[in-house]
Structures are given as structure tokens and as C-alpha cells.
Amino acid sequence: MSQSSAPQILTERRGSTLVLTLNNPSRRNALNPQMVKGLEEGFAAQEKDPEIRAVVLTGAGDHFCSGGDLGAMDLGRGAKRVQFDISRKLALQIAGASVPVITAVEGWAAGAGFGIALLGDTVVASREAGFLPAFPKVGLIPDYGLLETLPRRIGLARAKQILLYARTVKGPEACELGVVDELTEPGRTLARALELAETVSGLAPRALRAIKDYYRLVQPELLLSADAREGRTAFQEKRPPVFKDE
């Protein structure tokens, strides 16, 4: 089967865990519309299946995701708006999943891949993984919620130093800063993510849903809030944000 006709998302059930794999290894799993659609369908199916207790999101081959497929971005303005709306919807789907989402990062998580990795409740990364917010290098601002998730993990000041200068953060530093939650040896991230998912399967699902429901309500609201818009604007204008208690 040719790479172009291969499924862009591989879906596998391992007990009560749904494993979704970005499957375009020849392009370091660069995110394209077919991949986005596959993820959207995978998370939608998860919400309909009460037997799924956790989702593991990983990449085929040696890398998690090298970012958006720039070739797929060569669209007209109207089509780009549609594409960005779809990306926003997917970010909210992942962040608002009713079960724990664990991302397993080998190699590069760059651009949109960085954003998607941090939408997970738990981020497991290889010691050799690299996180790169490459957006300023291609004239874009961070998407997939990265302007909210990274500051919430490591603080606004540290996040700005990474995002403003498109600075690569490698595995050990990423763990020290709190960008990721656990480090593994190369090639072991999926195995560790599955171990965590197995732990989840032995916990009370209602209790976990109650915890996740809080974030399902709060996280999307935060991503769409006036404070989130102010944070993005302040980042672009290189000034301190002015948040309001409204």
C-alpha cells in the first residue's frame, strides 16, 4: 500500500485503552487534513464507547509530529478559515475528552505537534524528544491551544521565553520545567503510556469522569475566554497581558 493511500490515523484497542497513532512517518507525521479528520473521528468514537477508559496518542516511526504539513496549508483565505476552525474543534475535543488522554512523544513534537502533545492530561516523552514552537519561523502564531497549555504548565514568563524565540526544549529540560510529566528511554514512551492507561483501567470510572468533567467544562471555556484572547494579543504585541475578572 502506498504512503498516500495508507490510513493517516491508526486505531487500535488494547483492552480498555484506545491507541491513536499519527501515521505519516515518511513526513515525520506532519499534520494534514486527513490526519485531523481521523483524530476527530477517533475521539468522537471514544466518547460513544463506555468501555474505553483511556486514550493514548502517539506517532508512527521515530517522531511524534513535525507540525502542520505546510504543503496542505497552501489554500485560499476562506479554506484556511475552515481549516483553522476544524483545528480549533479538534483541540477542544482532545482537551475535553471524558477519559484521561496520554500523549507518548518520541523524537520531534514541533509546531502543531507541540500543541497537540500538550493537550494530553499526561505527557510521556523520550529523553531524546525535542519540543519546538516553530510558528514564528513560518509566520504563524501557536495553535492547538499552545498559548494556553504551555503557560499553564510552566508559567507565563518561562513560556514566553520558549514561544517568542522559537526555542527547542529537549527531553530532560522539558521534564524539569514541567512541559512533560515523565521521561523514558528512547523507544519506551508508548509502553509507559500504556502502563499508565492500564492503571486508569483499575480506577473508578465515575470518579475519573467527575475529575475530567471539571476540565471538560473549564478548559474549553478558558480556551475561548476573553482572558485567552487577551493572552494571545499580548503575546503578539510583546506586552504584559491585562486580565479582567469578568
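Conventions and cut-offs
Here the residue index of a chain counts from 1 through its sequence in written order. Only residues with pLDDT of 70 or above have their local features reported here, since the model is predicted, and side-chain atom pairs are shown and tallied only from 80 upward, although totals for entire chains, interfaces and linings are computed over all residues. To get the side-chain values, take all heavy atoms of the structure and skip hydrogens and water. Numbering of helices and strands runs from the N terminus, with a helix taken as a DSSP run of H or I at least four residues long and a strand as a DSSP run of E at least two residues long. Only protein chains enter the calculation, and the probe is 1.4 Å; a residue is then buried if its accessible area is under 20% of its type maximum, exposed if over 50%, and partly exposed in between. Between two residues, a contact is recorded if the distance between any of their heavy atoms is within 4.5 Å. In these tables, accessible area is a Shrake-Rupley quantity obtained with a 1.4 Å probe, and a residue counts as shielded only by the protein chains included in the view. Paired strands, as defined in this entry, are two strands with at least two bridges between them according to DSSP. Throughout, nonpolar core names a set of buried Ala, Val, Leu, Ile, Met, Phe, Trp, Tyr and Cys residues whose side chains join them through atoms within 4.5 Å. Axis definition: a line fitted to C-alpha atoms, over the contacting stretch in the case of helices. Angles run 0 to 180 degrees between N-to-C directions. Oblique is the label for any angle not under 35 degrees, not over 145, and not in the 65 to 115 range, which are roughly parallel, roughly antiparallel and roughly perpendicular in turn. Take the far helix as the reference: if the near one is turned anticlockwise from it by less than a right angle, the crossing is left-handed, and if turned clockwise, right-handed. Residues were grouped as follows: Ala, Val, Leu, Ile, Met, Phe, Trp, Tyr, Cys and Pro as nonpolar; Asp, Glu, Lys and Arg as charged; and all remaining residues, including Gly, as polar.

Asks: Looking at this structure, I do not really get the overall build of the protein. What am I missing?
Replies: Counting its regular elements, the protein contains 9 helices and 9 strands. Across the 246 residues of the protein, 48% fall into the buried class. For the protein, long-range pairs separated by at least 24 residues make up 68% of all intrachain contacts whose partners lie at least 6 apart in sequence. Only carbon and sulfur atoms are counted for the fraction: they give 53% of the accessible area of the protein, which is about 12,300 Å².

Asks: Could you clarify how one ought to interpret unusual backbone geometry in this entry?
Replies: Peptide bonds are mostly trans, and most non-glycine residues show a negative phi. Residue Arg28 is not a glycine yet carries a positive backbone phi of 55 degrees. Among the structural elements, Arg28 can be located in the loop between strand E2 (17-22) and helix H1 (33-48). According to the relative accessible area criterion, Arg28 is partly exposed, its value standing at 42%. Notably, Ala166 is not glycine yet its phi reads approximately 50 degrees, a positive angle. Topologically, Ala166 is positioned in the loop between helix H5 (156-164) and strand E8 (169-170).

Asks: Honestly, the pairing of strand E1 (residues 9-14) in this entry has me stumped. Any pointers?
Replies: Regular strands show a simple pattern: their side chains alternate between the two faces of the sheet. When E1 meets E2, the two strands line up antiparallel, connected through 6 bridges. If you follow Leu10 over to E2, its bridge partner there is Thr21. The turn linking E1 back onto E2 is made up of 2 residues, and Gly15 within it adopts a positive phi angle of 65 degrees.

Asks: How should I be thinking about the nonpolar core in this particular structure?
Replies: Nonpolar side chains tend toward joint burial in soluble globular proteins. Phe64, Val105, Phe131, Tyr144, Leu150 and Val179 are the most contacted members of the largest nonpolar core, which has 47 residues in total. Once you skip the residues sitting within four places of it in the chain, Val179 turns out to touch Phe114, Leu118, Val123, Leu150, Arg153, Ile154 and Ala174. By size, the runner-up hydrophobic cluster in this structure holds 12 residues, among which are Val124, Ala193, Leu194 and Leu208.

Asks: Help me understand the packing of helix H4 (residues 146-154) against H5, please; the structure alone is not making it clear to me.
Replies: For any two helices packed against each other, one specifies the crossing angle of their axes together with the interaxial distance. It is the contact of H4 with H5, at a shortest axis distance of 7 Å, that shows an interaxial angle of 130 degrees. Classified by the angle between their axes, H4 and H5 sit oblique to one another. Seen along the crossing, H4 lies across H5 with a hand that is right-handed. Together, Leu146, Leu147, Leu150, Pro151 and Ile154 of H4 and Leu156, Arg158, Ala159, Ile162 and Leu163 of H5 make up the contact between the two elements. Per-class residue counts for the contact of H4 with H5 are 9 nonpolar, no polar and 1 charged.

Asks: Can you walk me through the environment of Leu57 in this structure?
Replies: Turning to its location among the elements, Leu57 is positioned in strand E3 (residues 54-59). Considering only alpha carbons, one finds Leu57 and Val101, 44 residues apart in sequence, at a separation of 7.3 Å. Not counting chain neighbours up to four residues away, the residues in contact with Leu57 comprise Leu20, Leu22, Leu39, Phe64, Ile102, Thr103, Ala104 and Ile116.

Asks: Even after reading the chapter, I still don't get the sheet that holds strand E9 (residues 182-184), so can you show me in this structure?
Replies: In a beta sheet, neighbouring strands pair by backbone hydrogen bonds and run either parallel or antiparallel. Spatial ordering of the open sheet is given by E1-E2-E3-E4-E6-E9, a layout of 6 strands whose pairing is mixed. At either margin of the open sheet sits one strand with a lone partner, and together these are E1 and E9. Shown here is a sheet whose adjacent strand axes are inclined to one another by a mean of 20 degrees, direction ignored. Alignment of strand E6 (residues 122-126) against E9, held across 3 bridges, turns out to be parallel. Across the sheet, residue Ser126 finds its bridge partner in E9, namely Thr184. Set on the sheet, H1 makes contact with E1, E2, E3 and strand E4 (101-105); between it and E2 the angle comes to about 175 degrees.

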